[in-house]
Amino acid sequence: MSESQAFDVLVVGGGATGAGVVRDLSRRGLRSLLVERGDFGTGTTGRYHGLLHSGGRYAMKDSNAARECIAENRVLRRIAPASIEDTGGYFVATPDDPEDYVEQFPAACAKAGIECEEIPVAQALSREPALNPRIRRVFRLPDGSVEPWNLIEANLADARAHGSEAWSYHRVVAFDKTGERITAATVRDERSGATTKISVRFVVSAAGAWAGQIAAMAGVQLEMRPGKGVMLIYNQRMTDTVVNRCHKSSDGDIMVPVHTVAILGTTDVRVADPDVYEVSREEVAALIAEGEKLFPGLGKMRLLRTYAGVRPLYQPPADVQAADNRAVSRAHTIVDHADRDGVDNYVSIVGGKLTTFRLMAEDTVNAVCAKLGVTEPCTTADAILPGQVPGKTYWLGHRLAEHEAEGGGDAALICECEFVTRPMLNAFLDEHWPCSIDDLRRGTRLGMGPCQGGYCTFRAAGLVAERGAHGAAAAAQPVAEQADEAIVSYLRERFKGTRPIAAGRQLQELWMVLGMYLGPLGVESLINPAPAAQGVPAKATPVPATRASKSTKAGEAFDAQR
Ligand SMILES: Cc1cc2nc3c(=O)[nH]c(=O)nc-3n(C[C@H](O)[C@H](O)[C@H](O)COP(=O)(O)OP(=O)(O)OC[C@H]3O[C@@H](n4cnc5c(N)ncnc54)[C@H](O)[C@@H]3O)c2cc1C
C-alpha cells in the first residue's frame, strides 16, 4: 500500500454518468474523486451510437422517457455545444412500417413536448438523396449527434476547477466496511500496480454495465441485465441527417452521421459478462438487411468496421423478467443500498441514456446531498461547460475552417481524414502524458475516419515514442521499441472490428493496410516476436500466396494476441 487519501465522495466509473456526477458533486462543495479502470470513456460511453435523442424513439412507448430526452437535448445544446453536431433527425415511414404507428406518431411527440414537423417526401429526398425513394412520409425532429470523449473531458475539467480529482487507469478492487458503512476503497493503478487507500464519506457507483461487479465488492447483489448492441461504421456520410424508421424501435433502424462517417445500429442481446462478447457475421448481415430498407444499396457501400457496446440495463427482481432485452426499461434508477441492502453510504446509478447523463447525475447527487445534509442546489443545467462557445455547435468542416481562419497553409497533418495536426497531437500529449495511441484516438479522433488509422497510426506512433524517449522510462525502453509496441497494440484493437466484416471490398482494404504494415513496416515480425526476442534482427515474413490466406494468417496472428 503506497499511500492513503481522503475525499467526501468516491465516484466509480469514468463514463458520461460518472463525469456528470463528479461535476455536480464538486459544484455543490463536495470534494470528490472519480476513478476509472481504463481511459475515460472506454466503457459504454465510448462504444455507443452517437445519437443526441430528441425523444422521438421513445414517444410512442414511454412518454416520460421522451420528455426527459427532449429536455436534456435542449440543456446539452446550451451547456455543451462543442460536443454536438446539429444534424436534425428524420423519422421516415418505409413501406414496411405499420400505418397506425405512423398515424399516431406526431400526436405522441406533441404529448411529450417534442417539435415534430411533417415535411414533403420530395424535400427529404432532395436533402438526403441516398434515402429509399419509396418512403411514404417524413417527420423532422431535433435529433443530433454527440461526441462523448470531448463531453467527458469538459465535465471533468469543471469538476477539477471546483476542487475534485479524476484518475484514469485506476480500478476499485475492494471496499472496507465498518458496520453498515463503507469507510474506504482500495484503488489499484493499472499501469504501475501501486494501490491507494481512499477514505470516504460516501460512494457512488456509476459503473454502468459493471455496477453489479462493484456492488458485489460491497457485499450487495444488484440485478444488472447487460445488453449488447452491435453497430456498423460506413466510410461515408450517406446522410447528413440522423435517419430513423418510424416504427417500434428494432434492429438496424437508425443511421447516425458522426463526423466523417455514418453509423448503422443497433441490436440488443443479453450478455452474461459486459467484458466478454463477440460480433458475428450473422449479426452484421442482419443489420445490413434491415438498413437496406432505409438506404437501398447499403450492402454495396464500403464498411469500415463493426463495434459493440453494452447497455447498463437494470431489472429489479420484483419486475417480471422480460424475455427480450428491448422490453427492459431504458429509464434510469438510483438504487439506494441503505434501504435495500443495509449499506448506508452507497448508491448505484443504473440504466438511462447518454443523452440524459446530466439529469441522471443531478438526481444521484440530490440523493447524496440529502444524506450528507448538503443543501446547495444543482447548477449543472445552467453553467456552460469549460471550452464551449455558447451556441457554437461543431460541423463536419470545422477544423479545416478554423485552420483557414488562422491563415491556412501547411497544417502538418498526421491524420488527413479527421484533420488532426501535429500541434494538436503534441498539445494532447503535453496534457495527458503518459498515453497510448488509443488514448490519442479518443482525445483527438486520430484514425477514426475512412482510413481507420491505416495511414496515420505509424506517424502517431513516432510522436508517442518520441515523447517516451524524453520521459522517465526513456533509458528502460528504446524509442523504436516503444513505437513498435504502440503500433501493435493499436492495430490489434482495430483488427477486432474489421474481422467480422472482412469480405468483398472491405477485405481488399484490410489486405492493403495489413500488407503495408506487415510488409514495408515489418509489423509481422513484431506479432511473431520469437526471433527478435532471441536477438535475431526483425525481418518481414515472405508474402503468402493468396489474398485469403494472407489476410487469414495476419488475422490469426492478431487474434492470437487478444
Ligand atoms: C449499442 C448502444 C448504443 C447506444 N446508443 C445511444 C445513443 O445513441 N444515444 C444515447 O443517448 N444513449 C445511447 N446508448 C446508451 C448510453 O451509451 C449509455 O447509457 C451510457 O453511455 C452509459 O454511460 P455510463 O457512464 O453510465 O456507463 P459507462 O460509459 O459504461 O461507464 C462505466 C465505467 O465504469 C468503469 N468501471 C467498471 N468497473 C470499474 C472498476 N472496478 N473501477 C473503476 N472503474 C470501473 C468502466 O470501465 C466504464 O468506463 C447506447 C448504448 C448502447 C450499448
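Our subject is the structure listed above.
Computed from a prediction, not measured in an experiment: that's the story for all the values here.

1. Some points on the overall build of the protein
Within the protein, the regular secondary structure consists of 18 helices and 22 strands. Relative to a compact globule of 562 residues, whose C-alpha radius of gyration would be 24 Å, the protein shows 24 Å and is just as compact. With the C-alpha coordinates aligned to their principal axes, the bounding extent of the protein is approximately 65 × 65 × 55 Å. Within the span of the protein, comprising 562 residues, buried residues form 56% of the whole. In the protein, the proportion of contacts linking residues at least 24 apart, taken out of those at least 6 apart, comes to 73%.

2. A word on the site of the ligand
Around the ligand, 36 residues are found, and the nearest of them are Thr17, Glu36, Thr45, Leu51 and Thr355. Here an oxygen atom of the ligand sits 3.3 Å away from a polar atom, N or O, in the main chain of Gly43. At 2.8 Å, a side-chain N or O of Thr355 approaches an oxygen atom of the ligand. Counting residues per element, the ones that place at least two in the shell around the ligand are helix H1 (16-27), strand S10 (170-178), strand S13 (227-234) and strand S18 (303-311). Here the shell around the ligand is composed, by residue class, of 14 nonpolar, 17 polar and 5 charged.

3. Concerning the nonpolar core
Counting residues in each nonpolar core, the largest one holds 31 residues, and the members touching the most others are Leu10, Phe175, Ile182, Ile198, Leu222 and Tyr346. Every element with two or more residues in this core is listed here: strand S1 (3-12), strand S2 (32-35), S10, strand S11 (181-189), strand S12 (195-205), helix H6 (211-217) and strand S20 (346-351).

4. Observations regarding the pattern of salt bridges
With the rule as written, the count across this model stands at 39 salt bridges. With a closest N to O distance of 2.9 Å, Glu118 and Arg137 form a salt bridge. With Glu118 in strand S6 (residues 117-119) and Arg137 in strand S7 (residues 137-141), this residue pair connects regions lying 19 residues apart in the sequence.

5. Topic: the sheet that holds strand S4 (residues 84-85)
As summarised here, the arrangement of the 3 strands in space is S3-S8-S4, forming an open sheet in which the pairing is antiparallel. Two strands close off the open sheet at either side, each with one partner strand: strand S3 (51-52) and S4.

6. Structural notes on empty space enclosed by the protein
In the structure shown here, the tally under the stated rule is 2 cavities of 30 Å³ or more. Approximately 220 Å³ is the volume attributed to the largest cavity. Lining the largest cavity we find 20 residues, and of these Gln452, Arg494, Thr498, Leu510 and Val513 sit closest to its centre. Those elements that place two or more of their residues in the lining of the largest cavity are S18, helix H14 (479-498) and helix H15 (504-518). Of the residues belonging to the lining of the largest cavity, the class tally is 10 nonpolar, 6 polar and 4 charged. Every residue lining the second largest cavity is listed: Gly56, Arg57, Phe91, Tyr101, Phe105, Arg245, His247, Ser249 and Asp253.

7. Regarding the side chain of Arg245
Relative to the helices and strands, Arg245 resides in strand S14 (residues 242-245). A distance of 3.2 Å separates polar atoms of two side chains, one belonging to Arg245 and the other to Glu290. Excluding residues within four positions of it along the chain, Arg245 makes contact with Phe91, Val92, Thr94, Asp96, Asp97, Asp253, Glu290, Lys293 and Leu294.

8. Notes on the packing of aromatic side chains
Applying the stated rule across the entire model yields 6 aromatic pairs. We note Lys353 situated over the ring of Tyr58; from NZ or CZ to the ring centre the distance is 4.9 Å.

9. Observations regarding the packing of helix H11 (residues 422-432) against helix H12 (residues 437-444)
Interhelical geometry of H11 versus H12 gives an angle of 110° and a closest axis separation of 10 Å. Here H12 runs roughly perpendicular to H11, going by the angle between their axes. H12 is crossed by H11, and the crossing has right-handed handedness. Every residue of H12 that contacts H11 at Leu425, Phe428 and Leu429 is listed here: Asp439, Leu440, Gly443 and Thr444.

10. Overview of the pairing of S2
Neither face of S2 is open: one carries Ser32 and Leu34, the other Leu33 and Val35, and all of them are buried. The sheet contact formed by S1 and S2 spans 4 bridges and is parallel. Within S2, the position partnered with Val12 by the bridge is Val35. Pairing of S2 with strand S9 (residues 165-167), which is carried by 3 bridges, proceeds in the parallel orientation. The residue of S9 that forms the bridge with Leu33 is Glu165.

11. Points about the side chain of Ser83
If you trace the backbone, Ser83 turns up in the loop between helix H2 (63-79) and S4. Polar contacts involving the side chain of Ser83 include one to the side chain of Asn150, which spans 2.7 Å. Those residues in contact with Ser83, other than ones at most four positions away along the chain, are Ser145, Val146, Glu147, Asn150, Leu151, Gln388 and Tyr394.

12. Some remarks on the packing of H2 against helix H9 (residues 357-372)
Two numbers describe how H2 lies on H9: the axes approach to 8 Å, and their chain directions differ by 100°. Comparing the axis directions of H2 and H9 gives the class roughly perpendicular. Each of Glu68, Glu72, Val75, Leu76 and Ile79 in H2 lies in contact with H9, whose residues at this interface are Phe357, Arg358 and Leu359. Of the residues contributing to the contact of H2 with H9, the split by class is 5 nonpolar, no polar and 3 charged.

13. A short note on H12
With 7 of its 8 residues buried, H12 lies for the most part within the structure. Residues Ile437, Asp438, Asp439, Leu440, Arg441, Arg442 and Thr444 constitute the buried set of H12. At the exit of H12 stands Arg445, carrying a positive phi of roughly 75°.

14. A closer look at unusual backbone geometry
With an omega of -15°, the peptide bond between Gly265 and Thr266 qualifies as cis. Here Thr266 shows up in the loop between strand S16 (261-265) and strand S17 (269-270). Its identity as a non-glycine residue notwithstanding, Phe419 has a phi of 50°, on the positive side. By the secondary structure assignment, Phe419 is in the loop between strand S21 (413-415) and strand S22 (420-421). With a phi angle near 75°, Arg445 is a residue other than glycine that sits in the positive phi range. Examined against the element boundaries, Arg445 turns out to sit in the loop between H12 and helix H13 (457-469).

So, how was this worked out
- Residues numbered from 1 in each chain as written.
- Predicted model: local features only at pLDDT ≥ 70, side-chain atom pairs only at ≥ 80, totals over all residues.
- Heavy atoms only, no water.
- Helix = DSSP H or I, 4+ residues; strand = E, 2+ residues; numbered from the N terminus.
- Rg over C-alpha atoms; globule rule 2.2 N^0.38 Å.
- Buried < 20%, exposed > 50% of the residue type's maximum accessible area, 1.4 Å probe, protein only.
- Contact = heavy atoms within 4.5 Å.
- Near = heavy atom within 4 Å.
- Polar contact = N/O pair within 3.5 Å; in protein donor to acceptor, adjacent residues only side chain to side chain.
- Nonpolar A, V, L, I, M, F, W, Y, C, P; charged D, E, K, R; others polar.
- Core = buried A, V, L, I, M, F, W, Y, C linked by side-chain atoms within 4.5 Å.
- Salt bridge = Lys/Arg side-chain N within 4 Å of Asp/Glu carboxyl O.
- Pairing = 2+ DSSP bridges.
- 1 Å grid on protein atoms, 1.4 Å probe; cavity = no way out; pocket = protein on both sides within 12 Å on 5 of 7 lines; lining within 4 Å.
- Points joined across faces, edges and corners; volume = space filled by probe spheres on them.
- Phe/Tyr/Trp six-rings, centres within 6.5 Å; stacked < 30°, edge-to-face > 60°.
- Lys NZ or Arg CZ within 6 Å of the ring centre and 35° of its normal.
- Axes fitted to C-alpha atoms, helices over the stretch in contact; angles between N-to-C directions.
- Parallel < 35°, antiparallel > 145°, perpendicular 65-115°, else oblique.
- Left-handed = near helix turned anticlockwise from the far one by under 90°.

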